[in-house]
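# Secondary and tertiary structure notes
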Amino acid sequence: MKEVLKNYSGILWLLSGIVLGSIIGITAPGTVPYLKPLGDIFLNLLFVSVVPLVFFAVANSIASLEQQSEFGKIVFTMILTFLLFIIIAALFTIGAVYLFPVSGISGSSEALAETASEDSWGNRIVSFFTVGEFTELFSRKNMLALLIFAFLTGFAARKSGEQGHAFRMFMASGYEVMKELLLIIMKLAPIGLGAYFAYQVATLGPQLFGFYAKPLGLYYIAGIVYFFVFFSLYAFVSDPKSGIRNFWGNAAYPTLTALSTCSSFATMPANLQAAAKIGIPNAISNLVIPIGTTLHKNGSSMSSIIKIYVAFMIIGRDFFEPTNLLLALGITVFVSIVAGGIPNGGYIGEMLMISVYKLPQEAVPAVIIIGTLVDPLATVLNAVGQVVAAMFVNRFVKVEV
């Protein structure tokens, strides 16, 4: 029990800050102008730490792929499997929010009046993927361009061989340092988000509670349905005769580990053990599960859609516009890749979302709160999904045991 409390202490502290901020926002709205700067300070620290972390995390991940595995049929099948599962999870969630919509907050559009400037689609596409100056890469307004540059840098570092060893070590070291910096900054989250929540409650009213409850309830219901129905479907496709029985007969240990640790990486040993009991060859499980823990995130895919939807509800924009939906799918794939292996990595996805959609920064606390509250189930979907992904790859790539 002590270990569970330790692993969830961050969430508990954050919830305490949110509750306290809500009480202050309701009972003492006059103090909110003095508290909001605390929220602004926290967000600014988060913004400046996320940008270098994105670069080091993505570049280091790509640069180290060659040391972890070889490119071949297994890798190709694995990547297709990851993309298929991520997109299915996103589409399922889009369908859920379409069938069970969350009503907007009255007055939210006026309270958060910043809107994206209109621009031609040609210019927007160029600005999504590239920037004109190197220094512009390291701005939270150009996160997508930074991601692409980081991918290219990682590939270049991989191909440079022995001469690029020092640079690869620099990227690995930079990733560890920036990861620790984010952990330090997130210790301020209960204060910063509590202050921002007080501001939101005082500005928009107690109706916020009903607003957050609906997408949270929708996520947990949709997530549980996805966990049982879609994982069973994937297991059946993997092995029509005994796939479902083998998967659910060995899924309890990884599921409980993910719930108790709230960490996909901490669940990896349990996943490898479950894969061995199912009979997946080591050549597949030892590749799919470790890399999948970083690159394959069903829970993050679903939460990304929910958070984008919530942000659009707050500012009064149409989430179901086709271009917005296509961007949401693209962002979801990036989030699933970038968030892997980084504590609080979902916040990187939120920064990317804010950047691509050009949303006001006031939407950030809302999506952070949603992301934090769905984290336990998201971790289960992320972690246990590696086992069924390994089964799926094994179905199409036969390896000698």
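Residues numbered from 1 in each chain as written. Predicted model: local features only at pLDDT ≥ 70, side-chain atom pairs only at ≥ 80, totals over all residues. Heavy atoms only, no water.

Within the protein chain, the secondary structure is distributed over 20 helices and zero strands. Out of the 401 residues belonging to the protein chain, those deemed buried represent 54%. Here the contacts in the protein chain between residues at least 6 apart in sequence split such that 82% fall between residues at least 24 apart. Just so you have it, the protein chain exposes about 17600 Å², and 68% of that area is on carbon and sulfur atoms. (Helix = DSSP H or I, 4+ residues; strand = E, 2+ residues; numbered from the N terminus. Buried < 20%, exposed > 50% of the residue type's maximum accessible area, 1.4 Å probe, protein only. Contact = heavy atoms within 4.5 Å. Areas by Shrake-Rupley, 256 points an atom, 1.4 Å probe, with all protein chains shown as cover.)

Note that leucine 38 resides in helix H3 (residues 32-63). Sequence separation of leucine 38 and glycine 192 is 154 residues, and the distance between their C-alpha atoms is 5.5 Å.

For the rest of this paragraph, the subject is the environment of serine 238. In this fold, serine 238 is placed in helix H11 (residues 207-238). For serine 238, a relative accessible area of 9% corresponds to the buried category. Measuring from C-alpha to C-alpha, the distance between serine 238 and methionine 391 comes to 5.7 Å, with 153 residues separating the pair along the chain. Each residue touching serine 238, except ones within four places of it in the same chain, is listed here: Val388, Met391, Phe392 and Arg395. Polar side-chain contacts of serine 238 include one of 3.2 Å to the backbone nitrogen of phenylalanine 392. (Polar contact = N/O pair within 3.5 Å; in protein donor to acceptor, adjacent residues only side chain to side chain.)

Okay, the pattern of salt bridges next. Within the structure shown, the criterion is met by two salt bridges. Put simply, lysine 36 and aspartate 40 hold a salt bridge, and the shortest N to O gap is 3.5 Å. In this pair, lysine 36 and aspartate 40 are both assigned in helix H3, four residues apart and thus about one turn of the helix distant. We classify lysine 36 as buried; its relative accessible area is 19%. Measuring nitrogen to oxygen at the nearest pair gives 3.1 Å for the salt bridge that ties lysine 179 to glutamate 176. (Salt bridge = Lys/Arg side-chain N within 4 Å of Asp/Glu carboxyl O.)

Before going further, it helps to examine the nonpolar core. With 117 residues, the main nonpolar core has Tyr226, Phe231, Phe247, Phe319 and Tyr357 as its most contacted residues. Broken down by element, the residue count for this core peaks at 16 residues, all from H3. Apart from the residues lying within four places of it in its own chain, the contact partners of phenylalanine 231 are Tyr226, Phe247, Trp248, Asn298, Leu381, Val384, Gly385 and Val388. (Core = buried A, V, L, I, M, F, W, Y, C linked by side-chain atoms within 4.5 Å.)

Attention now moves to the packing of aromatic side chains. For the coordinates displayed, the defined rule picks out 28 aromatic pairs. Here lysine 36 stacks its cationic end above the ring of tyrosine 199, 5.0 Å away from the centre of that ring. If you follow arginine 395 out to its NZ or CZ, it ends over the ring of phenylalanine 396, 5.1 Å from the centre. (Phe/Tyr/Trp six-rings, centres within 6.5 Å; stacked < 30°, edge-to-face > 60°. Lys NZ or Arg CZ within 6 Å of the ring centre and 35° of its normal.)

For the protein chain, the average pLDDT comes to 79, and 80% of its residues sit at 70 or higher. For the protein chain, the element scoring lowest by mean pLDDT is helix H6 (residues 108-111), at 43; helix H12 (residues 243-250) scores highest, at 94. Between residues 67-71, whose pLDDT stays under 50, and residues either more than four places distant or in other chains, the model counts seven contacts. This stretch, residues 106-118, has a pLDDT under 50; its non-local contacts, to residues over four places away or in other chains, come to 18 contacts. (pLDDT = per-residue confidence, 0-100.)

With that settled, the discussion passes to the packing of helix H5 (residues 73-99) against helix H16 (residues 298-315). As a packed pair, H5 and H16 sit with axes 8 Å apart at the nearest point and diverge in direction by 35°. In the packing of H5 onto H16, the handedness of the crossing is right-handed. Residues Phe85, Ile86, Ala89, Ala90, Phe92, Thr93, Ile94 and Val97 of H5 pack against Asn298, Ser301, Met302, Ile305, Ile306 and Tyr309 of H16. Tallied by class, the residues present in the contact of H5 with H16 amount to eleven nonpolar, three polar and no charged. (Axes fitted to C-alpha atoms, helices over the stretch in contact; angles between N-to-C directions. Left-handed = near helix turned anticlockwise from the far one by under 90°. Nonpolar A, V, L, I, M, F, W, Y, C, P; charged D, E, K, R; others polar.)

Here the focus is helix H14 (residues 264-278). Counted at 1.5 Å a residue, the expected span for H14 with its 15 residues is 21 Å, and the 20 Å between its end C-alpha atoms agrees. Of all the bends found along H14, the most pronounced is centred on alanine 270 and spans about 30°. Three or more residues of H14 are buried, namely Ser264, Thr267, Met268, Ala270, Asn271, Ala274, Ala275 and Ile278. (Expected span 1.5 Å × (residues − 1). Bend = angle between axes of the 7 residues up to and from the residue.)

Within the secondary structure, threonine 293 is located in helix H15 (residues 282-295). Under the relative-accessibility criterion, threonine 293 is labelled buried at 0%. From its side chain, threonine 293 meets the backbone oxygen of isoleucine 289 in a polar contact 2.6 Å long.

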